[in-house]
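# Reading the structure
If you want the building blocks of each chain, they are given just below.
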Amino acid sequence: MTLIEPTADRQSTALAPDPRSLPDRAARSWTERMAVRPRAGSTYAVTTESDSTYLVDIAQHTCSCPDNRIRGERCKHLRRVAIEITARRVAPPGKERAVCDACGTVTFAAADARTPHLCSHCRLEAGDIVRDRETDDRLVVTAVTDTSAADYDTNDGYPADDLVVLATYLSDAVSATEPREYAFPLSRLHPAEDAELVDGGSQ
């Protein structure tokens with residue numbers, strides 16, 4: 001494998017496409033004012049500038065507009081739903097928009113997901129191996145709770161609204177019959193590197 005080195009003279013590039021370079025339907029999907037609202041399953045209601053509303057099924061790649069239904073074209077409404085999902089303005093099918101309870105960024109969660117809702121950057125799950133930023137000890141996560149770090153005197157110095165993670169020291173999880181759980185602020189823990197898990201790492 002040959003790695004490509006970044007160069008100092010690399011040209012800056014805009015991420016949004018230049019509408020002048022796009023086919024008409026694609027350009028209109030980016031530039032026209034539309035409201036996209038999730039409906040049941042994989043469907044979305046798209047209301048256009050002319051106040052017409054069409055039903056898009058993103059999984060079936062269909063739209064109720066004449067451009068798609070009669071002419072078989074990939075219409076601006078289908079394109080717009082895809083753009084809004086990619087831009088995280090609307091949730092993909094099966095998910096709902098939510099705010100990460102740890103960092104406040106927009107994330108997506110299953111409609112029946114248990115709280116707390118965590119983005120991919122903050123998410124820890126039972127069984128994950130993490131390191132304590134203060135001691136460098138390795139622990140096994142047993143649960144992420146809705147409890148605030150402010151509820152524990154031992155969490156002074158951490159944000160009061162930090163979520164509490166319950167964890168067991170890795171050595172206890174391996175050897176003890178009933179390992180003791182400890183409460184940590186979420187921001188005090190970070191995932192252990194994959195290499196540590198492969199070679200066993202050091203406690």
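Here is a short report on the structure shown in this document. (Residues numbered from 1 in each chain as written. Predicted model: local features only at pLDDT ≥ 70, side-chain atom pairs only at ≥ 80, totals over all residues. Heavy atoms only, no water.)

This paragraph deals with helix α1 (residues 24-31). Structural remark: α-helix, 3.6 residues per turn; residues separated by three or four positions point the same way. Every buried residue of α1 is listed here: Ala26, Ala27 and Ser29. Buried residues along α1 cover an arc of 160 degrees about the axis, so they all sit on one side. Those residues of α1 hidden inside the fold are in contact with α3 (76-86). (Buried < 20%, exposed > 50% of the residue type's maximum accessible area, 1.4 Å probe, protein only. Helix = DSSP H or I, 4+ residues; strand = E, 2+ residues; numbered from the N terminus. Arc of directions from axis to C-beta. Contact = heavy atoms within 4.5 Å.)

Glancing now at the pairing of strand β7 (residues 129-132). Across three bridges, the pairing between β7 and strand β8 (residues 138-148) is antiparallel. The residue bridging Ile129 from the neighbouring strand is Val140, located in β8. Taking the residues between adjacent antiparallel strands as the criterion, β7 and β8 are bridged by five residues, where Asp136 takes a positive phi near 70 degrees. Bridge count between β7 and strand β11 (residues 189-191): three bridges; the pairing is antiparallel. Across the sheet, Val130 pairs through a bridge with Pro191, a residue of β11. (Pairing = 2+ DSSP bridges.)

This part is about the state of the cysteines. This structure, assessed with the given rule, holds zero disulfides. The thiol of Cys100 is not disulfide-bonded; the next cysteine sulfur, from Cys103, is found 3.7 Å away. Here Cys100 falls in the buried class, since its relative accessible area comes to 3%. Looking at Cys122, it has no disulfide partner, and the nearest cysteine sulfur is the one in Cys119, 3.7 Å off. Note on Cys122: relative accessible area 12%, which makes it buried. (Disulfide = S-S within 2.5 Å.)

Strand order in the open sheet made by the four strands is β1-β2-β3-β4, with antiparallel pairing throughout. In this open sheet, the two strands that pair with only one neighbour each are β1 (35-38) and β4 (62-63). As paired elements, strand β3 (residues 53-57) and β4 share two bridges and run antiparallel to each other. Bridged to Asp57 within β4 is Thr62. Sitting on the sheet, α3 is in contact with β1, β2 (43-47), β3 and β4, with an inclination near 65 degrees to β3. (Axes fitted to C-alpha atoms, helices over the stretch in contact; angles between N-to-C directions.)

On to the pairing of β3. Sheet topology note: the β2/β3 ladder contains five bridges and is antiparallel. Counted as the bridge partner of Tyr44 is Val56 from β3. Where β2 hands over to β3, the hairpin turn is made up of five residues, of which Asp51 adopts a positive phi near 70 degrees. In textbook terms, the turn of a hairpin is the stretch between consecutive antiparallel strands, and for β3 and β4 this stretch comprises four residues, one of which, His61, has a positive phi near 60 degrees.

What follows deals with the nonpolar core. Residues Leu124, Leu139 and Val165 are the most contacted members of the largest nonpolar core, which totals 16 residues. Elements with a minimum of two residues in this core: β8 and β9 (163-169). With four residues, β9 is the largest single contributor of residues to this core. By size, the runner-up hydrophobic cluster in this structure holds 13 residues, among which are Met34, Cys63, Ile85 and Val90. (Core = buried A, V, L, I, M, F, W, Y, C linked by side-chain atoms within 4.5 Å.)

Before going further, it helps to spend a moment on the layout of surface pockets. Taken as a whole, the largest pocket holds about 390 Å³ of empty space. Arg114, Thr115, Pro116, Leu124 and Glu125 are the residues nearest the centre of the largest pocket, which is lined by 17 residues in total. Elements supplying a minimum of two residues to the lining of the largest pocket: β6 (106-110) and β8. Residues belonging to the lining of the largest pocket are distributed by class as follows: ten nonpolar, three polar and four charged. Taken as a whole, the second largest pocket encloses approximately 220 Å³ of empty space. Of the residues that constitute the lining of the second largest pocket, the class distribution is six nonpolar, three polar and three charged. (1 Å grid on protein atoms, 1.4 Å probe; cavity = no way out; pocket = protein on both sides within 12 Å on 5 of 7 lines; lining within 4 Å. Points joined across faces, edges and corners; volume = space filled by probe spheres on them. Nonpolar A, V, L, I, M, F, W, Y, C, P; charged D, E, K, R; others polar.)

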